[in-house]
Amino acid sequence: MQVKRQLAIGAAGLAGALSLLAGGFGLQIGSAANNAEAQARHAVMIVRPFSCTAPEQTTMSAAAEGLVNGQRRSIPLRMEPLSGKEGGFSIARQWPDEGRWVVAVVASNPKYGDYRPGAVAPVEGERVKLAEVKRFSHAPQPAEIDASLGLGAVASR
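Residues numbered from 1 in each chain as written. Predicted model: local features only at pLDDT ≥ 70, side-chain atom pairs only at ≥ 80, totals over all residues. Heavy atoms only, no water.

### Observations concerning the overall build of the chain
Within the chain, the regular secondary structure consists of 3 helices and 10 strands. In sequence order, the secondary structure elements of the chain are arranged as α-β-α-β-β-β-β-β-β-β-β-β-α. Counting the 157 residues in the chain, one finds 39% classified as buried. Considering only intrachain contacts with a sequence separation of at least 6, the fraction spanning at least 24 residues in the chain is 54%. (Helix = DSSP H or I, 4+ residues; strand = E, 2+ residues; numbered from the N terminus. Buried < 20%, exposed > 50% of the residue type's maximum accessible area, 1.4 Å probe, protein only. Contact = heavy atoms within 4.5 Å.)

Have a look at this one:
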């Protein structure tokens, strides 16, 4: 039993390593709490794209998607580049206090064609709920955003 488990863990590690060698592309979402530069900008979260091929060609966009007084709202967000070896972008709160909000992020890179990894990160006050972040192999769809907001199919845009 122990040998089977070790083989399964080894196979999973090998699959992950091979995907990196094949040219991975994705997003990393994190808290701004451990980054002094992001904290100085009053950031709520940090987004880091990773790309094995032509990372300098990666572009990012983000929007706050919310529900305020029963109405869906969408606010394009400004992303500030971070300096340092890890890079990435900080996102400060640019949405109102009232309502329920998530941040939807998408990355694109011409070297990866139509593959556009995305994520939806629920936010509460001045913090991102990292345990509830949803990652996708595509730009987040309206139904996926609504689900993160706790809505069913009845939400109106």
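### Some points on the environment of Asp 97
Relative to the elements of secondary structure, Asp 97 occurs in the loop between β6 (89-92) and β7 (100-108). Accessibility expressed as a relative area gives 64% for Asp 97, which makes it exposed. Separated by 29 residues in sequence, Asp 97 and Val 68 have C-alpha atoms that sit 9.5 Å apart. In this structure the side chain of Asp 97 is engaged in a polar contact, spanning 3.0 Å, whose partner is the side chain of Arg 93. (Polar contact = N/O pair within 3.5 Å; in protein donor to acceptor, adjacent residues only side chain to side chain.)

### Some words on the nonpolar core
One finds Met 45, Val 47, Ile 91, Trp 95, Val 103 and Val 105 to be the most contacted residues of the largest nonpolar core, which totals 25 residues. Where this core is concerned, the elements lending two or more residues are β1 (25-31), β2 (43-51), β3 (59-68), β7 and β8 (118-124). Not counting residues up to four positions away in its chain, the partners in contact with Val 47 are Leu 27, Gln 28, Ile 29, Met 60, Met 79, Gly 88, Phe 89, Ile 91 and Val 105. (Core = buried A, V, L, I, M, F, W, Y, C linked by side-chain atoms within 4.5 Å.)

### Thoughts on the side chain of Glu 65
If you trace the backbone, Glu 65 turns up in strand β3. Side-chain polar atoms of Glu 65 contact the side chain of Ser 74, separated by 2.9 Å.

### Looking at the packing of aromatic side chains
Enumeration over the complete set of coordinates arrives at 2 aromatic pairs. Seen from their ring centres, Phe 25 and Tyr 115 are 6.1 Å apart, and the 65° between their planes marks the pair as edge-to-face. Taken together, the positions of Phe 25 in strand β1 and Tyr 115 in the loop between β7 and β8 put the pair 90 residues apart, joining distant regions of the chain. Classification of Tyr 115 by relative accessible area gives partly exposed; the value is 33%. Grouped by ring-pair contacts, the aromatic residues Phe 25, Tyr 112 and Tyr 115 constitute a single cluster. (Phe/Tyr/Trp six-rings, centres within 6.5 Å; stacked < 30°, edge-to-face > 60°.)

### What about the side chain of Asn 109?
Tracing the backbone through its elements, the reader meets Asn 109 in the loop between β7 and β8. Among the residues examined, Asn 109 registers a relative accessible area of 2% and is labelled buried. Of the polar contacts made by the side chain of Asn 109, one reaches the backbone oxygen of Ala 54; its length is 2.8 Å. A polar atom in the side chain of Asn 109 sits 3.0 Å from the side chain of Thr 58. Each residue touching Asn 109, except ones within four places of it in the same chain, is listed here: Phe 25, Ser 51, Thr 53, Ala 54, Pro 55, Gln 57 and Thr 58.

### Section: the confidence of the model for the chain
Here the chain shows a mean pLDDT of 84. Residues at 70 or above account for 82%. When the elements of the chain are averaged for pLDDT, helix α1 (residues 2-21) gives the smallest value, 43, and β7 the largest, 97. Scored below 50 in pLDDT, residues 3-22 makes 2 contacts in the model with residues more than four places away or belonging to other chains. (pLDDT = per-residue confidence, 0-100.)

### Regarding the pairing of β6
Bridging between β2 and β6 involves 4 bridges; their strand directions are antiparallel. By the bridge assignment for β6, Val 47 is matched with Phe 89. Sheet topology note: the strand β5 (residues 80-81)/β6 ladder contains 2 bridges and is antiparallel. Across the sheet, the residue bridging to Glu 80 is Ser 90, located in β6. (Pairing = 2+ DSSP bridges.)

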